[in-house]
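As a plain string of letters, each chain reads:
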Amino acid sequence: MWISGKAKKRIAAIEEQLPEAIDLIVRSLRVGHPLAAALAMAGDELPDPLGTELALISDEISYGRDAGEALADFAERIDLQDLRFLSIAVMIQQRSGGNLAEILDGLSKVVRARFKLFRRVRAMTAEAKWSGIFLSGFPIGAMIMIQLLKPDYYDVAKEHPLFMPLAVVVFGFLLVNVIYMRKMTDIKI
């Protein structure tokens, strides 16, 4: 779980740095630098993790690897849709020509708008997520508090033959509640 958390933080940092990186690449391309040099400059300017990755991609391109392939492999390794868009834009430009700076400028705007929308959705679903956590945890917390404050409170109910089957049903409903609340608030953009 610790490694998974670190990986998610790294991916989130890359996703947050991507629009700025694309803007740096666009500026370098407009000045007249080739794509490998533009990636290297963006790699030098940006902090880790995206800066390091762009510098590695620039080195791969300098040693003869196709730019589209290098970006596509990076996109697959990180598993970000916006990076896939970047690699596809570079591949299409290499095959058909055109102004890569203009294409990437448009992509930067799309990535920023998408990121902004994602933040809005996350803010709007935050209340529902915390409500779900509260509604799922309150019955268990109340039961623990009752047990701590008055340990003999459930003694009469425990003797009933339906106590265990009903307790299992209640915990089953709590589990279904947790799963359902997570599904409701997990919105993909």
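The present account deals with the structure reproduced in this document. Please read these numbers as outputs of a predicted model, since none were measured by experiment. Each chain carries its own residue numbering, running from 1 in the direction its sequence is written. Two thresholds apply to this predicted model, a pLDDT of at least 70 for residue-level local features and 80 or more for giving and counting side-chain atom pairs, whereas whole-chain, interface and lining totals are computed over all residues. Hydrogens and water molecules were not included; the side-chain quantities draw on all heavy atoms of the structure.

### Notes on a nonpolar patch on the surface
Together, Ile140, Met143, Ile144, Met145, Leu148, Leu149 and Phe171 make up an exposed nonpolar region whose accessible area comes to about 690 Å². Secondary structure follows DSSP: runs of H or I at least 4 residues long count as helices, runs of E at least 2 residues long count as strands, and numbering of each begins at the N terminus. If you tally residues by element for the nonpolar patch, the top one is helix H6 (residues 100-149), at six residues. Throughout this description, buried means an accessible area under 20% of the type-specific maximum (1.4 Å probe, protein chains only), exposed means over 50%, and partly exposed covers the range between. Taking the relative accessible area as the measure of exposure, Phe171 reaches 39% and is therefore partly exposed. Exposure above 30% relative accessible area and no salt bridge define the residues that can form patches, which grow by joining like charges within 9 Å and nonpolar side chains of Val, Leu, Ile, Met, Phe, Trp and Tyr within 5 Å. For the accessible areas, the method is Shrake-Rupley and the probe is 1.4 Å, while residue cover comes only from the protein chains on display. Within this document, salt bridges are pairs made up of a side-chain nitrogen of Lys or Arg and a carboxyl oxygen of Asp or Glu, the two lying within 4 Å of each other.

### Some words on the packing of helix H5 (residues 81-96) against H6
Geometry is summarised by axes, namely lines fitted to C-alpha atoms with helices restricted to the contacting stretch, and by angles between N-to-C directions that run from 0 to 180 degrees. For the pair H5 and H6, interaxial distance at closest approach is 10 Å and the crossing angle is 165 degrees. Considered as vectors, H5 and H6 are oriented roughly antiparallel to each other. Once H5 is placed against H6, the crossing between them reads as right-handed. Between H5 and H6, the residues in contact are Gln81, Asp82, Phe85, Leu86, Ala89, Val90 and Gln93 and Leu100, Ile103, Leu104, Leu107, Val111 and Arg114, respectively. Partitioning the contact of H5 with H6 into residue classes produces nine nonpolar, two polar and two charged. Any angle that falls under 35 degrees is termed roughly parallel, while one over 145 is termed roughly antiparallel, one within 65 to 115 roughly perpendicular, and all others oblique. Each crossing gets its hand from how the near helix is turned against the far one by less than a right angle, where anticlockwise is left-handed and clockwise is right-handed. Here, two residues are considered to be in contact whenever any of their heavy atoms come within 4.5 Å of each other. Following the grouping adopted for this structure description, the nonpolar residues are Ala, Val, Leu, Ile, Met, Phe, Trp, Tyr, Cys and Pro, the charged ones are Asp, Glu, Lys and Arg, and the polar ones are all others, Gly among them.

### Remarks on the nonpolar core
Remark: nonpolar core denotes a set of buried residues (Ala, Val, Leu, Ile, Met, Phe, Trp, Tyr, Cys) joined through side-chain atoms within 4.5 Å. By size, the foremost hydrophobic cluster in this structure holds 34 residues, and its most contacted members are Ile22, Ile25, Leu50, Leu83 and Leu104. Of all the secondary-structure elements, those providing two or more residues to this core are helix H1 (2-31), helix H2 (35-45), helix H3 (50-62), helix H4 (67-78), H5 and H6. Each residue touching Leu104, except ones within four places of it in the same chain, is listed here: Ile22, Ile25, Val26, Leu29, Leu86 and Ala89.

### Considering the environment of Ala89
The topology assignment puts Ala89 in helix H5. Accessibility expressed as a relative area gives 9% for Ala89, which makes it buried. Sequence separation between Ala89 and Leu107 is 18 residues; the distance between their C-alpha atoms is 8.5 Å. Every residue in contact with Ala89, bar those within four places of it in the chain, is listed here: Leu100, Ile103 and Leu104.

### A word on H6
A helix's residues, less one, multiplied by 1.5 Å, set its expected span. Along its 50 residues, H6 runs 69 Å from first to last C-alpha, staying within 8% of the 74 Å computed at 1.5 Å per residue. Thr125 marks where H6 bends most, by close to 35 degrees. Every buried residue of H6 is listed here: Leu100, Ala101, Leu104, Asp105, Leu107, Ser108, Val111, Phe115, Val121, Thr125, Gly132 and Ser136. Where H6 is buried, its residues meet H1, H2, H5 and helix H8 (163-185). Distance and chemistry together define a polar contact, namely a pair of N or O atoms within 3.5 Å, with one atom able to donate a hydrogen and the other to accept it when in protein, and with adjacent residues in sequence counting only for side-chain atoms on both sides. N-cap assignment for H6: the residue whose side-chain oxygen lies 3.1 Å from the backbone N of Ala101 is Asn99. Axes are fitted to the seven residues ending at a residue and to the seven starting at it; the angle between these axes is taken as the bend at that residue.

### Let's talk about the pattern of salt bridges
Evaluated as defined, the whole model comprises 13 salt bridges. Asp79 is paired through a salt bridge with Arg84; the nearest N and O atoms lie 2.5 Å apart. Taking the relative accessible area as the measure of exposure, Asp79 reaches 53% and is therefore exposed. Taking the relative accessible area as the measure of exposure, Arg84 reaches 18% and is therefore buried. Each member of the salt-bridge network shares a partner with another, and the members are Arg30, Glu102, Asp105 and Lys109.

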